[in-house]
Amino acid sequence: MPNLDGGHYFFTAIVPIKNDVVVAHEGLRSSPVHMVREALETLPTALQSPEAVKVGIQSPFARSLRTHFARLVVLDQPFFNGRDHSDAVADALRGTDLLAPQANDVLACPYLLVMIDFDPEGSDPARHYCEELWTLMPRELKAVFRYCYGFPAVRDAKTFADFLLPCQVETTMPFNDYWVGAPALPTLSRWWLIAPPALGVALPLLAALLHRVSWPAGLILALVLGLAGLAVDYGIVMRRGARPLPAAPDATLRHVLKALCLQQAFTRFAVAQQGAAPQARGAAFREFLAAHRPADLDGPTQAPGVISASVISASAVGASVVGS
């Protein structure tokens, strides 16, 4: 699976955290990984619950109108995922001691795992997004990444992208949740798949039939070229399968926010119109369309990082508090 899939970019990076120094902070001596944890603990979350709405301090990621999800996690060590699967009979014959621990990966230092799903823009969407993120929340990013290897070289948006992008790893299992039906994917022609191995077999046999080559040579060539044709088919299928899923229609964050706003408004409209006369209901619906402008993404919409369109003001309040 590619990083870019379904019209969204699924960014994953693991950034090494320093483990060779002790840092002094506010009169205390602490480890870099502890300071990263503290920065993450104090990083405001989105207003995704009634209690968070009461606090009113919005996540800095909500300043971006392209960020769908953002997760930052400290990885101390990878979990031991159990013994490798093996054949029980073969283990018994070999005398394998199932109580003996198997070798497992060990990290030389803790890592900060960064996973962000966003709407891509430009020819280099990862770099473009990293630079945009730095312009929106430099103070918070500095607090989180300052104890990572390589961060002292960060001075601006470009150098932040230079710092983070080398830590990117391929996202192997992106989560696409905006396709509500199967996309219209092109189907490979069966004749295009049959042609390479069929020609690989047929041409040597035809040459043998026309006495261009001997029959033993023709049979060997037919076998080799037939297998080569199957290899060509395999390459075609794998290359087609590696193509990213096409973008779902109206699936950018702005579309999603508009849809959430309309959904809530239309629910209230439907409840209010219960029992209304058809003529009155039609007039009310036209007023609803005029007021909410479903095709206008800049019109009445929901703010990013909130659970209800009625919490629009809290986003602005949170941004001002965090950025002050």
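Just so you know, these numbers come straight off a predicted model, no measurement behind them. (Residues numbered from 1 in each chain as written. Predicted model: local features only at pLDDT ≥ 70, side-chain atom pairs only at ≥ 80, totals over all residues. Heavy atoms only, no water.)

Q: Just to check I follow, could you spell out the pattern of salt bridges for this structure?
A: Using the criterion set out here, one finds twelve salt bridges in the structure. Lys54 is the partner of Glu51 in a salt bridge, and the nearest nitrogen-oxygen pair spans 3.3 Å. With Glu51 and Lys54 both in helix α2 (residues 50-55) and three residues apart, the pair spans about one turn of that helix. A salt bridge links Asp296 to Arg293; the nearest nitrogen and oxygen atoms lie 3.0 Å apart. In this structure Asp296 comes out as partly exposed when scored by relative accessible area, which is 26%. Through salt bridges that share partners, Arg127, Glu131, Lys158 and Asp162 make up one connected network. (Salt bridge = Lys/Arg side-chain N within 4 Å of Asp/Glu carboxyl O. Helix = DSSP H or I, 4+ residues; strand = E, 2+ residues; numbered from the N terminus. Buried < 20%, exposed > 50% of the residue type's maximum accessible area, 1.4 Å probe, protein only.)

Q: When you look at empty space enclosed by the protein in this model, what are you seeing that I'm missing?
A: Gaps left between atoms are located by rolling a probe of water-molecule size over the structure's atoms. Per the counting criterion, the structure on display carries two cavities of 30 Å³ or more. Approximately 90 Å³ is the volume attributed to the largest cavity. Every residue lining the largest cavity is listed: Gly6, His8, Phe10, His68, Phe69, Asp117, Phe175, Asn176, Asp177, Tyr178, Trp179 and Ala248. Of all the secondary structure elements, the ones that give two or more residues to the lining of the largest cavity are β2 (8-16) and β5 (67-75). Counted as a void, the second largest cavity has a volume near 40 Å³. The set of elements that each furnish at least two residues to the lining of the second largest cavity consists of β6 (111-118), α5 (138-145) and α6 (157-164). (1 Å grid on protein atoms, 1.4 Å probe; cavity = no way out; pocket = protein on both sides within 12 Å on 5 of 7 lines; lining within 4 Å. Points joined across faces, edges and corners; volume = space filled by probe spheres on them.)

Q: Teacher, can you tell me more about the packing of aromatic side chains here?
A: A ring pair, where both rings are aromatic, is described by two values, the distance of the centres and the angle of the planes. Applying the stated rule across the entire model yields 14 aromatic pairs. Where Phe151 meets Phe163, the ring centres are 5.4 Å apart and the plane angle is 80°; that geometry is what we call edge-to-face. With Phe151 in the loop between α5 and α6 and Phe163 in helix α6, this pair connects stretches of sequence that are twelve residues apart. Phe163 shares its class with Phe151; the two are buried. Connected via pairs of aromatic rings, a cluster forms that spans Trp134, Phe145, Phe151, Phe160 and Phe163. (Phe/Tyr/Trp six-rings, centres within 6.5 Å; stacked < 30°, edge-to-face > 60°.)

Q: Where do I start with the pairing of β6 in this structure?
A: Regular strands have side chains that alternate between both faces of the sheet. The buried fraction of β6 is high, at six of eight residues. In this structure, β2 lies alongside β6, joined through eight bridges in antiparallel fashion. Counted as the bridge partner of Thr12 is Met115 from β6. Judged from the eight bridges that link them, β5 and β6 form a sheet pairing that is antiparallel. Along β6, the bridge assignment pairs Ala70 with Ile116. (Pairing = 2+ DSSP bridges.)

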